[in-house]
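Fold and geometry: a report
Given next are the chains, with one letter for each unit.
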Amino acid sequence: MSLTDINFEAIQKETSVSWPGIEHLRAACLGLVIFDLETLSPEEEGLFTTRELEKFLRMGRQRRKSFKAARVALKILSRRLGLIKKEVPDYAIETLGPDNLKPCLAESGLYCSVSHSSRFVVAVAHRHPVGVDIEGVSDRIQRIQHIFLSPGESQMISQSGLDFQVAATLVWSIKEAAAKALGLHLFQAVREVRVVKMGKEESSIRVQEKTYPARHIQGHGQVIALVTIDDL
Ligand SMILES: CC(C)(COP(=O)(O)OP(=O)(O)OC[C@H]1O[C@@H](n2cnc3c(N)ncnc32)[C@H](O)[C@@H]1OP(=O)(O)O)[C@@H](O)C(=O)NCCC(=O)NCCS
């Protein structure tokens with residue numbers, strides 16, 4: 001049994017029990033893996049490719065945890081999607097893109113995205129460009145709202161009936177997910193992506209004269225946003 005198989009069992013339980021609404025996100029993409037960072041085994045041996053290990057060894061303790069969680073999530077996703085033969089070991093599944101920044105799912109050519117908060121990691125795969133973001137709901141986002149909320153978005157939040165802190169975190173998270181899906185710099189996304197409709201689980205964004213859906217859920221004091229750039 002490989003390291004990811006062990007984590008896989010814990011994750012199966014975790015996702016089905018603790019995240020009502022996750023099926024809504026799962027249905028909008030090709031695959032999704034989410035788990036609590038605490039369910040990770042402390043072992044690293046046999047997990048990383050050479051490039052992943054080089055990057056990991058240059059990181060501090062906290063960052064190592066999230067980087068490793070992202071690798072485990074992406075390797076599980078690659079296996080779950082049948083991209084990897086069973087006999088291929090975890091250390092042969094590449095999850096670090098050629099730029100050493102963006103994630104990948106082995107050599108599959110599928111799109112993917114990953115995000116971590118202090119508690120969870122979430123990874124998604126899709127046939128079209130995709131971005132995911134998970135954020136803890138806190139007053140940190142509320143404090144910087146003037147940087148990323150347009151007047152229109154502030155007004156929409158006030159009229160949405162949603163808790164302001166949750167809704168503002170949601171807008172931030174949607175913009176981060178959109179940045180990843182569209183390959184925009186985060187600052188550019190903050191400026192150019194506009195949340196034009198806000199629903200309980202589905203919103204719409206407008207960017208570069210196009211409209212895309214943004215799906216989202218809340219739970220455990222977190223929000224998760226998923227942006228897909230499907231052929232609309
Ligand atoms: C990319 C960025 C938005 C991620 O935000 P974050 O809140 O720090 O972290 P998240 O947990 O949500 O996401 C981190 C993951 O995003 C992925 N990522 C990094 N750069 C990325 C990029 N340019 N495009 C898509 N995904 C990227 C990585 O897989 C990373 O996890 P890992 O390093 O453990 O593999 C952030 O690093 C940032 O602001 N960078 C500035 C440069 C920038 O804006 N780049 C392009 C926008 S995506």
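These lines cover the structure that appears in this document, whether it is placed above or below. (Residues numbered from 1 in each chain as written. Predicted model: local features only at pLDDT ≥ 70, side-chain atom pairs only at ≥ 80, totals over all residues. Heavy atoms only, no water.)

Attention now goes to the overall build of the protein chain. Within the protein chain, the secondary structure is distributed over nine helices and eight strands. For a compact globule of 232 residues, the expected C-alpha radius of gyration is about 17 Å, and the protein chain comes in at 17 Å, within 12% of that figure. Viewed in the frame of its principal axes, the protein chain has a C-alpha envelope of about 55 × 35 × 30 Å. Expressed as a percentage of the 232 residues in the protein chain, the buried residues total 50%. (Helix = DSSP H or I, 4+ residues; strand = E, 2+ residues; numbered from the N terminus. Rg over C-alpha atoms; globule rule 2.2 N^0.38 Å. Buried < 20%, exposed > 50% of the residue type's maximum accessible area, 1.4 Å probe, protein only.)

Residues in close proximity to the ligand total 16 residues, the closest being Arg63, Ser115, His116, Leu184 and Leu186. One of the side-chain nitrogen or oxygen atoms of Asp133 is found 3.0 Å away from an oxygen atom of the ligand. Here Glu176 contributes a side-chain N or O atom positioned 3.1 Å from an oxygen atom of the ligand. Computed on the free molecule, the ligand has an accessible area of 810 Å², of which 73% lies beneath the protein chains in the complex. Residue assignment for the shell around the ligand shows that the elements contributing at least two residues are α4 (61-80), β2 (111-116) and α8 (164-182). The element that contributes the greatest number of residues to the shell around the ligand is α4, accounting for four residues. Counted by class, the shell around the ligand contains seven nonpolar, three polar and six charged residues. Lining the shell around the ligand are residues from two domains, each supplying at least three of them: domain 1 (3-130) and domain 2 (133-227). (Near = heavy atom within 4 Å. Polar contact = N/O pair within 3.5 Å; in protein donor to acceptor, adjacent residues only side chain to side chain. Areas by Shrake-Rupley, 256 points an atom, 1.4 Å probe, with all protein chains shown as cover. Nonpolar A, V, L, I, M, F, W, Y, C, P; charged D, E, K, R; others polar. Domains from an automatic or database assignment.)

As a further point, take the pairing of strand β5 (residues 194-198). Here β5 runs beside strand β6 (residues 202-207); their pairing, made up of four bridges, is antiparallel. Directly across from Val195, in β6, lies its bridge partner Ile205. Where β5 hands over to β6, the hairpin turn is made up of three residues, counted between the paired strands. (Pairing = 2+ DSSP bridges.)

What follows covers the packing of aromatic side chains. Counted by the stated rule, this structure contains four aromatic pairs. Taking 5.1 Å as the distance between ring centres and 80 degrees as the angle between the ring planes, the aromatic pair formed by Trp19 and Phe120 counts as edge-to-face. Of this pair, Trp19 sits in the loop between α1 (3-18) and α2 (22-26) while Phe120 sits in strand β3 (residues 120-126), and the two are 101 residues apart along the sequence. Given the relative accessible area of 2%, Trp19 is considered buried. Here Phe120 falls in the buried class, since its relative accessible area comes to 0%. Residues Phe48 and Phe56 carry aromatic rings whose centres are separated by 4.6 Å and whose planes lie at 35 degrees to one another, so their mutual orientation is tilted. Residue Phe48 is classed as buried on the basis of its relative accessible area, which comes to 9%. For Phe56, a relative accessible area of 4% puts it in the buried group. Of the aromatic side chains, those joined through ring pairs into one cluster are Phe48, Phe56 and Phe67. A cation sits over an aromatic face here: Arg64 above Phe56, 4.7 Å from the ring centre. Arg71 extends its terminal NZ or CZ atom over the ring of Phe67, reaching a point 4.3 Å from the ring centre. (Phe/Tyr/Trp six-rings, centres within 6.5 Å; stacked < 30°, edge-to-face > 60°. Lys NZ or Arg CZ within 6 Å of the ring centre and 35° of its normal.)

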